Amino acid sequence: MDAKIVVLAGDGIGPEVTSEARKVLEALGKRFSHSFNFDEQLMGGIAIDTVGNSLPDATVEACRSADAILLGAVGGPKWDNPNAKDRPERGLLGIRKALNLFANVRPVKIHPQLVSASTLKEEVLQGVDMIVIRELTGGAYFGPRQEAGDAAFEAYDTMLYTRPEIERVLRTAAEMALARSKKLTSVDKANVLASSRLWRRVATQVLAEYPDLQVEHVLVDAMAMHLIRHPASYDVIVTENLFGDILTDEASMLAGSMGMLPSASLGDIMNSRQLPLGLYEPIHGSAPDIAGQGISNPLATILSAAMLLRHSLGLEAEAAAIEQAVDAVLNEGVRTPDVAHTGSEVVGTPVMGDLVVQKLLQQ
Ligand code: NAD
């Protein structure tokens, strides 16, 4: 297969981790006779510094004509001035909007060897294997807002949702739940918020069309509690943008490190294979505190590349091969410093990438 993959390495540790994922994809391409054409484009702080725009038109064009996009991370203290007219995050929100990437999919699975990396007790983590789906292009992050400068007396954001926005992400979640344990949890704040009452009404109507699903509605404050009390009870969870932003970070801590968890952002634009044109990225940020030291964990980005193969290229066996290679490396006790423990062999970013390639070629 021939596929075009745009790489948005971004800032901080972004270039370090994406180059390891690219290394793994190249090795996998050789093994399975696929030709992946990588197209490196600018986005985020690096794009502001290079061309004066966090999301250049050329990047949007390249992404639109790609089969999939692999992203590192954007942002850092250099671009943190809140009064700056452009910021790295604008690039990220802009590309999500431009490609209509409305569903952010985050699997949270705990590798048995990494239970000790979490702050939670082992018995709480036993059997955790869930997917959290966050609506990504609506709600308070995109609704009307007012922010009238430093002397402002008041400011507001609007959590605005329309029926179609809610319906399409619920359908994505329902399809994913049907392919797994058929259990779906929809999270809202319907006891207080009008937008959440619309969410609950739409969820009740739309999910009734999936009689095989076992559906549960949970309030977001209760969900925050359940996630650390009995996380293994959940399979697929779906929620709106702001709640999802917070719950997905909480869920990521079940796995101990941000450096382990991948994500996919999917929409309704189809690529040349008639599969969703998705954007795949680790859930972590640009980690400026460790950037350039060669110690960042590339596994979240490598696992994001596996999700890319599965969802945008339809290459299930190849995706599973990467996941098995990562498991094999972890089973041997090799770790980057963020998940290291007594007795583990600690390696840096490029060695971790090399070891995953080695395991991939030994399968
Ligand atoms: P962060 O995720 O970058 O880092 C949080 C902590 O986790 C840090 O101590 C970091 O060293 C560690 N960490 C993160 N990824 C790691 C990895 N792969 N290996 C080892 N350790 C890792 O979050 P932050 O510090 O709040 O944000 C830093 C910058 O990243 C900010 O500018 C923020 O806006 C940006 N950010 C970008 C994205 C994105 O591009 N999608 C997401 C979140 C934050």
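All of these numbers come straight from a predicted model, not from anything done at the bench.

### Quick notes on the overall build of the protein chain
Right, so step 1: Across its full length, the protein chain holds 12 helices and 14 strands.
Right, so step 2: Computed over C-alpha atoms, the radius of gyration of the protein chain comes to 20 Å, within 12% of the 21 Å expected from 2.2 N^0.38 for 363 residues, which places it in the range of a compact globule.
Right, so step 3: Taking the principal axes of its C-alpha atoms as reference, the protein chain extends roughly 55 × 50 × 40 Å.
Right, so step 4: Relative to all contacts within the protein chain whose residues are 6 or more apart in sequence, the contacts with residues 24 or more apart total 75%.
Right, so step 5: The centroid of the 32 positive side-chain charges in the protein chain is displaced by 3 Å from the centroid of its 46 negative side-chain charges.

### Concerning the pairing of strand β2 (residues 35–40)
Right, so step 1: Pairing geometry for strand β1 (residues 2–10) and β2, over 6 bridges, is parallel. Each residue of the ladder has a partner; that of Lys4, found in β2, is Asn37.
Right, so step 2: One crossover worth recording links β1 to the parallel β2 by way of helix α1 (residues 14–32), and it is right-handed.

### Some remarks on the pattern of salt bridges
Right, so step 1: In total, this model carries 22 salt bridges according to the counting rule given.
Right, so step 2: One salt bridge connects Glu281 with Arg96, and the closest N-O pair in it is separated by 3.7 Å. With Glu281 in strand β12 (residues 278–282) and Arg96 in helix α4 (residues 88–98), the pair connects residues that are 185 residues apart, well separated along the chain. An identical accessibility class is assigned to Glu281 and Arg96; each is buried.
Right, so step 3: In this structure, the salt-bridge partner of Arg106 is Asp249, at a minimum N-O distance of 3.6 Å. Taken together, the residues span a long stretch of sequence, with Arg106 in strand β4 (residues 103–109) and Asp249 in helix α9 (residues 241–252) at a distance of 143 residues.

### Overview of the side chain of Thr301
Right, so step 1: Here Thr301 shows up in helix α10 (residues 299–311).
Right, so step 2: Residue class for Thr301 comes out buried when judged on its relative accessible area of 0%.
Right, so step 3: Excluding its chain neighbours within four sequence positions, the residues that come into contact with Thr301 are Val17, Thr18, Ala21, Leu70, Leu71, Pro282 and His284.

### Section: the packing of α1 against helix α11 (residues 316–331)
Right, so step 1: Interaxial distance between α1 and α11 falls to 11 Å at its minimum, and their mutual angle equals 130 degrees. As judged from the angle between their axes, α1 and α11 are oblique. The hand of the α1/α11 crossing is right-handed. Contacts from Val24, Leu25, Leu28, Arg31 and Phe32 in α1 reach Glu318, Ala321 and Ile322 in α11.

### What to know about the environment of Val329
Right, so step 1: Within the secondary structure, Val329 sits in helix α11.
Right, so step 2: Taking the relative accessible area as the measure of exposure, Val329 reaches 2% and is therefore buried.
Right, so step 3: Those residues in contact with Val329, other than ones at most four positions away along the chain, are Val334, Met352, Leu355, Val356 and Lys359.

### Things to note about the sheet that holds β2
Right, so step 1: Spatial strand order, β2-β1-β3-β12-β11-β4-β5-β10-β8-β9: 10 strands in an open sheet with mixed pairing. Of all the strands in the sheet, the pair left with one neighbour each is β2 and β9 (214–219). The average undirected angle you get between the axes of adjacent strands in this sheet is 25 degrees.
Right, so step 2: Pairing geometry for strand β8 (residues 183–188) and β9, over 6 bridges, is parallel.

### Examining unusual backbone geometry
Most peptide bonds take the trans configuration, and most residues that are not glycine carry a negative phi.
Right, so step 1: With a phi close to 70 degrees, Lys182 is a non-glycine residue in the positive phi region.
Right, so step 2: Along the polypeptide, Lys182 turns up in the loop between α6 (163–178) and β8.
Right, so step 3: The partly exposed category is assigned to Lys182, whose relative accessible area is 34%.
Right, so step 4: Although it is not a glycine, Gln274 adopts a positive phi angle of roughly 60 degrees.
Right, so step 5: In this fold, Gln274 is placed in the loop between β11 (262–266) and β12.
Right, so step 6: The class of Gln274 is exposed, set by a relative accessible area of 59%.

### Topic: the packing of aromatic side chains
Right, so step 1: One pass over the full model with this rule turns up 1 aromatic pair.
Right, so step 2: Ring plane angle 75 degrees and centroid distance 6.0 Å describe the contact between Tyr161 and Trp199, whose orientation is recorded as edge-to-face. Note that Tyr161 is positioned in the loop between β7 (155–157) and α6 and Trp199 in helix α7 (residues 194–207), a separation of 38 residues in sequence. Each member of the pair, Tyr161 together with Trp199, is buried.

Thresholds, definitions, all that
- Residues numbered from 1 in each chain as written.
- Predicted model: local features only at pLDDT ≥ 70, side-chain atom pairs only at ≥ 80, totals over all residues.
- Heavy atoms only, no water.
- Helix = DSSP H or I, 4+ residues; strand = E, 2+ residues; numbered from the N terminus.
- Rg over C-alpha atoms; globule rule 2.2 N^0.38 Å.
- Contact = heavy atoms within 4.5 Å.
- Lys, Arg positive; Asp, Glu negative; His and termini not counted.
- Charge placed at Lys NZ, Arg CZ, Asp CG, Glu CD.
- Pairing = 2+ DSSP bridges.
- Right-handed = clockwise from strand over helix to strand, strands pointing away.
- Salt bridge = Lys/Arg side-chain N within 4 Å of Asp/Glu carboxyl O.
- Buried < 20%, exposed > 50% of the residue type's maximum accessible area, 1.4 Å probe, protein only.
- Axes fitted to C-alpha atoms, helices over the stretch in contact; angles between N-to-C directions.
- Parallel < 35°, antiparallel > 145°, perpendicular 65-115°, else oblique.
- Left-handed = near helix turned anticlockwise from the far one by under 90°.
- Phe/Tyr/Trp six-rings, centres within 6.5 Å; stacked < 30°, edge-to-face > 60°.

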